[in-house]
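Descriptive analysis of the structure
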Amino acid sequence: MLTGKQKRFLRSEAHHLSAIFQVGKGGVNEHLIKHIEEAIETRELIKISILQNCEDDKQEIADQLAKETKSYLVQLIGLTVVLYKPSKNNKKIVLPTKG
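Residues numbered from 1 in each chain as written. Predicted model: local features only at pLDDT ≥ 70, side-chain atom pairs only at ≥ 80, totals over all residues. Heavy atoms only, no water.

**Remarks on the overall build of the protein chain**
Heads up, the condition is: The helix and strand labels rest on DSSP assignments: H or I over at least four residues marks a helix, E over at least two residues marks a strand, and numbering proceeds from the N terminus. Based on C-alpha atoms, the radius of gyration is set beside the globule rule, defined as 2.2 Å times the residue count to the power 0.38. In this scheme, a residue with accessible area under 20% of its type's maximum is buried, one over 50% is exposed, and one in between is partly exposed, where area comes from a 1.4 Å probe on protein chains only. Any two residues having at least one pair of non-hydrogen atoms within 4.5 Å are treated as being in contact. Only the protein chains shown count as cover for residues, and all accessible areas are computed by the Shrake-Rupley method using a 1.4 Å probe. Note on charges: Lys and Arg go in the positive column, Asp and Glu in the negative column, and His and the chain ends are not counted at all. Here the site of a charge means atom NZ of a Lys, CZ of an Arg, CG of an Asp or CD of a Glu.
Per the secondary structure count, the protein chain includes 3 helices and 4 strands. Relative to the 2.2 N^0.38 estimate, which gives 13 Å for 99 residues, the radius of gyration of the protein chain is 13 Å and therefore close to what a compact globule would have. When the backbone C-alpha atoms are referred to their principal axes, the protein chain occupies close to 40 × 25 × 25 Å. Within the protein chain, the proportion of its 99 residues that are buried is 38%. Long-range contacts, defined as pairs at least 24 residues apart, comprise 69% of the intrachain contacts of the protein chain with a sequence gap of at least 6. Accessible surface computed for the protein chain: about 6100 Å², of which carbon and sulfur atoms make up 50%. Charge separation in the protein chain, taken as the distance between the mean sites of 16 positive and 12 negative side-chain charges, equals 9 Å.

**What to know about helix α3 (residues 58-69)**
Note the following rule: Take the number of residues in a helix, subtract one, and multiply by 1.5 Å to get its expected span. The directions from the helix axis to the C-beta atoms form the arc being described. Identification of polar contacts relies on pairs of N or O atoms within 3.5 Å, with a donor-acceptor requirement for protein atoms, meaning one able to donate a hydrogen and the other able to accept it, and with residues adjacent in sequence counted only if both atoms are side-chain atoms.
If you check α3, its first and last C-alpha atoms are 16 Å apart, about what 12 residues at 1.5 Å a residue would give, namely 16 Å. Residues Ile-61, Ala-62, Leu-65, Ala-66 and Thr-69 constitute the buried set of α3. Buried residues of α3, viewed axially, fall in a sector of 130°; they line one side. Facing away from the buried surface of α3 by more than 90 degrees, the exposed residues are Glu-60 and Lys-67. In the core, the buried residues of α3 are packed alongside β1 (19-23), α2 (30-43), β2 (45-50), β3 (72-77) and β4 (80-84). For α3, the capping residue at the N-terminal end is Asp-57, with a side-chain oxygen 3.3 Å from the backbone nitrogen of Gln-59. Positive backbone phi, at 55°, marks Lys-70, one or two positions downstream of α3.

**What about the pairing of β4?**
Here is the rule: Strand pairing requires that DSSP identify at least two bridges connecting the strands.
Counting buried positions along β4 yields 4 of 5 residues, so the element is predominantly enclosed. With 5 bridges joining them, β2 and β4 adopt antiparallel strand pairing. Within β4, the residue paired with Lys-47 across the bridge is Val-82. As paired strands, β3 and β4 are joined by 5 bridges and run antiparallel to one another. What sits directly across from Gln-75, in β4, is Val-82. Remark: 2 residues form the turn of the hairpin made by β3 and β4, two consecutive strands paired antiparallel; Gly-78 in that turn has positive phi of roughly 65°.

**A closer look at the sheet that holds β2**
Rule in force here: Axes here mean lines fitted to C-alpha atoms, for a helix over just the part in contact, with angles spanning 0 to 180 degrees between N-to-C directions.
A sheet is described by the order of its strands in space; here 4 strands give the open sequence β1-β2-β4-β3, paired in mixed fashion. The strands lining the two open edges of the sheet, one partner per strand, are β1 and β3. Strand after strand, the sheet turns through a mean of 25° between neighbouring axes, direction not considered. Contacts from α3 reach β1, β2, β3 and β4, with the element oriented near 160° to β3.

Following this line, the structure appears as structure tokens:
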């Protein structure tokens, strides 16, 4: 579980990132999840945009993406989802300590 301080830190780190995946009319599928898992292992912190034509609820999509990729939902702002998952092999981000 991420603390408020850690989430603020990750939001500031994600600010300059561009969305590398899009969830469209088809919603979330296995193929998309597999690609997100690969990208998040490499980058640790990624943005995903939800397109206007997506019919599913944006909060449900964000929760589903976090659950299925076993990552943390850092932020859902507008139609942009920010996910974080510590990398096993490419550790780059050092979170502020708790407390």
